[in-house]
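Here's the letter readout for the chains.
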Amino acid sequence: MDQGTLTDEVFAALGNPVRRQLLRLLLDGPRTVTDLASHFDMRRPSVSEHLRVLRDARLVSERRVGRERHYRLEAGPLLELQDWLHPYERFWRAHLKRLHETLEDM
Amino acid sequence: MTTDDPTTIQVDEFLPHPPDKVWRALTEPELIARWLMPCADFRLEVGHRFTFEGRPVPQAGFGGTGHSEVLAFEPEKMLRIAWRAAPSDLSGLDSTVTFTLEPEGTGTRLFLEHAGFDLDDPYQAAARRLMGSGWPGAPKALAAAIESGS
């Protein structure tokens, strides 16, 4: 995976509490802009602007259903993020595998 | 396996070898070098400082040299070491690694706890705090989101 892309785009998008809250809401499933906006004490265009940033980072995607715009989570970057956030767990798992080999040779 | 505590990593592994043998692999420099990292100056003595020469973990801002210290130990049962980044590393990692050995059948269950990740350090755990307390449950929710998607 491209660490640079993940760090620059995704992390910039996630560096905001409103956008993190939007993602939390979308973890439950797709929602309309109206629904999402109802959770915030701000004007809808502001919420839409945050959604645009998330969309540009490919963390969410937008779909028009009639007159409503539905947003849903795009799992790809978040799964990369999950992989990114546990580098030490991978590190230890790899080394414990080698510990098995070392013990066999002792 | 991770706990709900985002500052800690816990991994455990069954090793089909008795605790005294596993203990040697954890505490003899030439054996440590075989499975973990070269650390020629390791000595089993509380307060003794030593370095690991390892592979860099760029995602974690770890340049490859771990600065460690024996913090506590109980022969064949527990070893706790400090796990610190070099001052020149991007990461300000100052963590502890605790190995706990428990006899299990004819072998040993090794519990490894790597604790003390600083959530304010972007190279340690920026990603972990992004989802706040909602993160531990996120993988499941993500899977569900993928299922229900497109």
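These lines cover the structure that appears in this document, whether it is placed above or below. From a predicted model like this one, the values you see are computed outputs, not experimental measurements.

**Notes on the overall build of chain A**
A count of helices and strands for chain A gives six helices and three strands. The order of helices and strands in chain A, counted from the N terminus, is α-α-β-α-α-β-β-α-α. Considering only contacts in chain A between residues 6 or more positions apart, those separated by 24 or more positions represent 54%.

**So, the overall build of chain B**
Along the backbone of chain B there are four helices and six strands. Order of helices (α) and strands (β) in chain B, N terminus to C terminus: β-α-α-β-β-β-β-β-α-α. Evaluated residue by residue, chain B yields a buried proportion of 27% over its 150 residues. If you take every contact in chain B between residues at least 6 apart in sequence, the share linking residues at least 24 apart comes to 40%.

**Some thoughts on the nonpolar core**
With 17 residues, the main nonpolar core has Val22, Ala25 and Leu26 of chain B as its most contacted residues. Elements that contribute at least two residues to this core include exactly α6 (87-105) of chain A together with α1 (19-27), β4 (78-84) and β5 (94-104) of chain B. By residue number, the principal contributor to this core is α1 of chain B, which donates four residues. If we skip the residues at most four places from it in the chain, leucine 26 of chain B touches Ile32, Leu79 and Phe99 of chain B. If you look at the next biggest cluster of nonpolar residues, it comprises 16 residues, including Leu14, Leu23, Leu26 and Leu51 of chain A.

**Comments concerning the sheet that holds β4 of chain B**
Residues and elements named next belong to chain B. Read across the open sheet, the six strands follow the order β1-β6-β5-β4-β3-β2; overall the sheet is antiparallel. Every interior strand has two partners, whereas the edge strands, β1 (8-15) and β2 (49-53), have only one. Taken over all neighbouring pairs, the strand axes of this sheet differ in orientation by 25° on average, direction set aside. Alignment of strand β3 (residues 65-74) against β4, held across seven bridges, turns out to be antiparallel. For alanine 72, the partnering residue across the bridge sits in β4 and is arginine 80. Contacts from α1 reach β1, β4, β5 and β6 (107-115), with the element oriented near 160° to β5.

**Description of the sheet that holds strand β2 (residues 60-65) of chain A**
All names here are of chain A. Spatial strand order, β1-β3-β2: three strands in an open sheet with antiparallel pairing. Because the sheet does not close on itself, it has two edges, and the strands there are β1 (31-32) and β2. Its contacts with the sheet put helix α2 (residues 17-26) on β1, β2 and β3 (68-73), and the angle it makes with β3 is roughly 90°. Against the sheet, helix α4 (residues 44-56) makes contact with β2 and β3, and its axis sits at roughly 120° relative to β2, the strand it touches most.

**Digging into the packing of α2 of chain A against α4 of chain A**
All names here are of chain A. Two elements in contact, α2 and α4, have axes separated by 10 Å at closest approach and are oriented at 75°. In terms of their interaxial angle, α2 and α4 are classed as roughly perpendicular. For the pair α2 and α4, the contacting residues are Val18, Arg19 and Leu22 in the first and His50, Leu51, Val53 and Leu54 in the second. Broken down by class, the residue content of the contact of α2 with α4 amounts to five nonpolar, one polar and one charged.

**Observations concerning unusual backbone geometry**
At arginine 58 of chain A, a residue that is not glycine, the phi angle is positive and equals roughly 60°. Here arginine 58 of chain A shows up in the loop between α4 and β2. Non-glycine residue glutamate 76 of chain B carries a positive phi angle of around 65°. Its location among the elements puts glutamate 76 of chain B in the loop between β3 and β4.

**Topic: α1 of chain B**
Within the sequence span of α1 of chain B, burial applies to Val22, Trp23, Ala25 and Leu26 of chain B. Along α1 of chain B, the residues classed as buried sweep out an arc of 160° about the axis, all on the same side.

**Side note on the environment of leucine 78 of chain A**
Following the sequence through the fold, leucine 78 of chain A ends up in helix α5 (residues 75-84). Residues leucine 78 of chain A and arginine 58 of chain A lie 20 residues apart in sequence; the distance between their C-alpha atoms is 9.7 Å.

**Description of the pairing of β3 of chain B**
Residues and elements named next belong to chain B. Looking at chain direction, β2 and β3 are connected through five bridges and run antiparallel. Considered in β3, the bridge of arginine 49 is made with glutamate 69. Taking the residues that link successive antiparallel strands as the turn, the β3-β4 hairpin has three residues, and the phi of glutamate 76 there is positive, at about 65°.

Thresholds applied
- Residues numbered from 1 in each chain as written.
- Chains lettered and ligands numbered in written order.
- Predicted model: local features only at pLDDT ≥ 70, side-chain atom pairs only at ≥ 80, totals over all residues.
- Helix = DSSP H or I, 4+ residues; strand = E, 2+ residues; numbered from the N terminus.
- Contact = placed C-beta atoms within 7 Å.
- Buried ≥ 20, exposed ≤ 12 C-beta atoms within 10 Å, placed from the backbone.
- Core = buried A, V, L, I, M, F, W, Y, C linked by C-beta atoms within 7 Å.
- Pairing = 2+ DSSP bridges.
- Axes fitted to C-alpha atoms, helices over the stretch in contact; angles between N-to-C directions.
- Parallel < 35°, antiparallel > 145°, perpendicular 65-115°, else oblique.
- Nonpolar A, V, L, I, M, F, W, Y, C, P; charged D, E, K, R; others polar.
- Arc of directions from axis to C-beta.

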